[in-house]
Amino acid sequence: MSGVQDDKTSETGHLHAMAEVAAIDATEAGDAVPEAAATEGAGMSVDTAPSPWRRLVSSPVVMTFFFLAVTMVLFSILAPGKFGTTSNFEQLAQNVAILTVVSIGTTFVIATAGIDLSIPSGIVLGEVFALKALGLVTVGSGTAVDVASEDTTAWYVVVALAASLLSGLLLGLINGFTVGYMRIPPMLATLGTLGGGLGIALLLQNGVNTATYALNSVATGQVIPGLSNLVLIGLLVVGIGYVGMHRAVFGRHTLAIGSSEESARRVGLKVERHLLKVYTVGGLASGFGGFLSVAYFSTTSVAGHSTDNLQAITAVALGGTSLFGGVASIIGTLIGVWIPAVLQNGFIIIGVQPYWQMVAVGVVLILAIYSDQLRRRSRSRR
Amino acid sequence: MTETATDAVRPPEAAAPLLELRAVNKSFGAVHVLRDVHLAAYAGQVTALVGDNGAGKSTLIKCIGGIHPIDSGEYLFDGKPVTVHGPRDASHLGIEIVYQDLALCDNLDIVQNMFLGRERTNGIVLDESSMERMAADTLAGLKVRTVKSIRQHVASLSGGQRQTVAIAKAVLWNSRIVILDEPTAALGVAQTRQVLDLVRRLADQGLAVVLISHNLNDVFEVADRISALYLGQVAAEVETSAVTHGQVVELITTGRSDGVADARPTGTEVGTEVGTA
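What you see is a predicted model; the values in this text were computed from it and never measured.

Structural notes on the packing of aromatic side chains
- Under the definition given, this model contains nine aromatic pairs over all chains.
- Taking the centre distance of 5.5 Å and the plane angle of 25 degrees together, the rings of A:Phe177 and A:Tyr181 count as stacked. In this pair, A:Phe177 and A:Tyr181 are both assigned in helix α8 (residues 154-181), four residues apart and thus about one turn of the helix distant.
- The class for A:Tyr181 is partly exposed, based on a relative accessible area of 39%.
- Feature note: the residues A:Phe75, A:Phe83, A:Phe89, A:Trp338 and A:Phe347 constitute an aromatic cluster, connected by ring pairs.
- Cation over ring: A:Arg266 sits above B:Tyr99, and NZ or CZ is 4.2 Å from the ring centre.

Shown next, in the form of structure tokens:
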């Protein structure tokens, strides 16, 4: 097969093709093609390589990764023997794992040009459902809520996990139904379920938190020696998310709907049903995040997740997923989750007021979105 | 039926049209958009569908594409009556419609667009290399040489290239009829040229092509037959060579033209005798 070269560049997987097709027809060489070559250079084959700087600013993923790498190097230099240590990285990885899980789910939602503000209620409901399910399992004179972490069994874990996922499923289905079928704007639909879900969680708990050690091993144990389960789970979710978004039909249709809902409908995609699925993925991710949270922190935290939605959206946007839909990067989301965490951790270690983290994240976020805008503009110029 | 009338529509080899609509009616509420409309498309021919704004062209193709159900009338494909309930039914029959806009997703690349909704998979993962090969082969088969890389995002393509990709997408599926809604609207001269060449090539490859256009130059250049709609009714179905520019303008604007032998199957009585030539 003549011109096809298998040149998989990063995750976008550009496979360049076809000498015959690549030959520029004289009729159109005058206008469109050279300009397309100049603007879409990053995805092109050998010819017209744009300057490294242009490539950098034209890809938010590359830019945020660059930013993350530079900050890590800087902190390592400024705090030798403190920031760049294995233990610090283990700690960082554990800290971001739950947010990573949730952000992967919301990447799918944002890829459809939607948004999911109900993440905090998903997490808290996941925690509360897990706890209530443990409360249904009687152990001796008490329930599974009260067992010590070393006395727990796989059965308790499965029961709690199923309950968390059920809560996430229900929340996601409601979100998906209101957005997909009732055509309520996602921001308002999920604002509604944010309040409603939190309210139900607080009602179930009478507004107070409950501690349980039954699920500890899920988060702190090590199935693979040297790697905490929580981090392992986060990595697995990233892997699943990557395949789902970039290698499977599901992600392809998600991006198509985000790109142009009407075009997707014209080719026969069932847009409403797909949106229902996408929001369900988001809900499941939140519910699962709740399960992990109660496992890691050994308690529910009904008031402790109120900004998780904004953190997740920040991570997704930092990672180059377009809030206008149609463009998404799972690896970008992973990077986007790390940036705020690294900044906070690094500032504390070098003795800068950690509040500067909020400022820095805000600046980086705006720059990342701006670079996305630049790319969109240059691309749609014809 | 007079002799001239039968001569006016002379299908190429096979007499039977690949697609035929007979006495199709469609109303939206009180508005009667299509009245006893007849349309025939033959393999290997370009059939132009002309008519003023509001004549019912778009409604007609949406009925063919299964987006609107027809109220009454017959929908014949390959001589057999069929019912089409949605876009998937239509594409199942081998009918592909290229809409004027909204045909492609900007943020997806050419291959992704061409296979959207019909992706090939290898287990659960997409089979990118086979899709890429098929897309490349299809483009090469249509002698499309203007796109640099089939992994280019559609947003970076020119209008002509987009139209080309949309058409290539339609023929990728062994389709037998391609319906093009104003494919040259908003294109420059060179790009129009390209698209028209492509339209002709499709017919030469044996497909039935229905071309909707406002531009009579385009119509006279590529069409074998012309169907003129006027206020939801068929004003004439004629061979392109049998009419002049002026006559077609008259048909579009007034619904009749002296000297145009109307080649519809006699009147609008349904299904008496069709294609007896």
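Observations regarding the side chain of B:Gln112
- Following the sequence through the fold, B:Gln112 ends up in helix α4 (residues 110-114).
- If near-sequence neighbours (up to four positions away) are discounted, B:Gln112 is found in contact with A:Arg252 and B:Arg151.

Observations concerning the sheet that holds strand β5 (residues 80-81) of chain B
Residues and elements named next belong to chain B.
- Strand order in the open sheet formed by four strands is β2-β1-β4-β5, with antiparallel pairing between adjacent strands. Each edge of the sheet is formed by a strand with only one pairing partner; in this case those strands are β2 (31-41) and β5.
- Sheet analysis places strand β1 (residues 19-28) next to strand β4 (residues 72-77), joined by five bridges and oriented antiparallel. Paired with Leu-21 across the strands is Tyr-75, a residue of β4.

Considering the pairing of β4(B)
All names here are of chain B.
- With two bridges connecting them, β4 and β5 associate as antiparallel partners. When the bridges of β5 are listed, Leu-76 appears paired with Pro-81.
- Between β4 and the antiparallel strand that follows it, β5, lie two residues; Asp-78 among them carries a positive phi value of about 55 degrees.

Examining the nonpolar core
- In terms of nonpolar packing, the biggest core is built from 54 residues, with B:Val46, B:Val50, B:Ile110, B:Met114, B:Val178, B:Leu180 and B:Ile226 touching the most fellow members.
- Lining this core are residues from two domains, each supplying at least three of them: domain 1 (1-94 + 176-277) and domain 2 (102-175) of chain B.
- Once you skip the residues sitting within four places of it in the chain, B:Val178 turns out to touch B:Glu96, B:Val98, B:Ala170, B:Val171, B:Leu202, B:Leu207, B:Ala208, B:Val209 and B:Val210.
- Judged by nonpolar contacts, the second largest core, of 53 residues, contains A:Ala97, A:Ala219, A:Ile233 and A:Tyr296.

With respect to the environment of B:Ala43
Residue and element names in this part refer to chain B.
- Summarising the element assignment, Ala-43 is placed in the loop between β2 and β3 (46-51).
- Overall, the relative accessible area of 36% leaves Ala-43 in the partly exposed class.
- In this structure the C-alpha to C-alpha distance between Ala-43 and Gln-205, which are 162 residues apart in sequence, comes to 9.1 Å.

Some thoughts on the pattern of salt bridges
Residue and element names in this part refer to chain B.
- Applying the stated criterion to the full structure yields 20 salt bridges over all chains.
- Of the charged contacts in the structure, one is a salt bridge between Asp-197 and Arg-193, with a shortest N-O distance of 2.9 Å. Taken together, the positions of Asp-197 and Arg-193, both in helix α7 (residues 189-204) and four residues apart, correspond to about one turn of that helix.
- By relative accessible area, Arg-193 is classed as partly exposed at 34%.

A few points about the domain arrangement of chain B
Residue and element names in this part refer to chain B.
- Taken domain by domain, chain B holds domain 1 (1-94 + 176-277) and domain 2 (102-175).
- In this complex, domain 1 contributes 17 residues to the contact, which on the side of domain 2 involves 16 residues.
- In this assembly, domain 1 packs against domain 2 so that about 1300 Å² is buried in total across both faces, 64% of it on carbon and sulfur atoms.
- Ranking the residues of domain 1 by area buried against domain 2 places Gln-194, Leu-198 and Arg-201 at the top, with a combined share of 33%.
- At the junction of domain 1 and domain 2, the tally comes to five residue pairs in polar contact (both at pLDDT 80 or more).
- When residues of the side of domain 1 that touches domain 2 are traced back to their parent elements, those giving at least two are α3 (87-93), β9 (177-181) and α7.
- Element by element, the count of residues in the side of domain 1 that touches domain 2 is highest for α7, at six residues.
- Taken together, the residues of the side of domain 1 that touches domain 2 break down into nine nonpolar, five polar and three charged.

Quick word on a nonpolar patch on the surface
All names here are of chain A.
- A contiguous nonpolar patch, built from Phe-66, Val-70, Leu-74 and Leu-78 and spanning about 380 Å² of accessible area, is present on the exposed surface.
- With respect to the helices, strands and loops of the structure, Val-70 is situated in helix α5 (residues 60-78).
- Here Val-70 falls in the partly exposed class, since its relative accessible area comes to 37%.

Observations regarding the sheet that holds strand β6 (residues 95-98) of chain B
Residues and elements named next belong to chain B.
- In space, the six strands of this open sheet follow the order β6-β9-β10-β3-β11-β12, with mixed pairing throughout. Of all the strands in the sheet, just β6 and β12 (233-239) have a single pairing partner and so form its edges. Strand-to-strand twist across the sheet, computed as the mean angle between neighbouring axes with direction ignored, equals 15 degrees.
- With five bridges connecting them, β9 and strand β10 (residues 208-212) associate as parallel partners. Its bridge partner being in β10, Ile-179 is matched across the sheet by Val-210.

Reading the values: the criteria
- Residues numbered from 1 in each chain as written.
- Chains lettered and ligands numbered in written order.
- Predicted model: local features only at pLDDT ≥ 70, side-chain atom pairs only at ≥ 80, totals over all residues.
- Heavy atoms only, no water.
- Phe/Tyr/Trp six-rings, centres within 6.5 Å; stacked < 30°, edge-to-face > 60°.
- Helix = DSSP H or I, 4+ residues; strand = E, 2+ residues; numbered from the N terminus.
- Buried < 20%, exposed > 50% of the residue type's maximum accessible area, 1.4 Å probe, protein only.
- Lys NZ or Arg CZ within 6 Å of the ring centre and 35° of its normal.
- Contact = heavy atoms within 4.5 Å.
- Pairing = 2+ DSSP bridges.
- Core = buried A, V, L, I, M, F, W, Y, C linked by side-chain atoms within 4.5 Å.
- Domains from an automatic or database assignment.
- Salt bridge = Lys/Arg side-chain N within 4 Å of Asp/Glu carboxyl O.
- Buried area = accessible area lost by both parts, 1.4 Å probe.
- Polar contact = N/O pair within 3.5 Å; in protein donor to acceptor, adjacent residues only side chain to side chain.
- Nonpolar A, V, L, I, M, F, W, Y, C, P; charged D, E, K, R; others polar.
- Patch = residues over 30% accessible without salt bridge, like charges linked within 9 Å, V, L, I, M, F, W, Y side chains within 5 Å.
- Areas by Shrake-Rupley, 256 points an atom, 1.4 Å probe, with all protein chains shown as cover.
- Axes fitted to C-alpha atoms, helices over the stretch in contact; angles between N-to-C directions.

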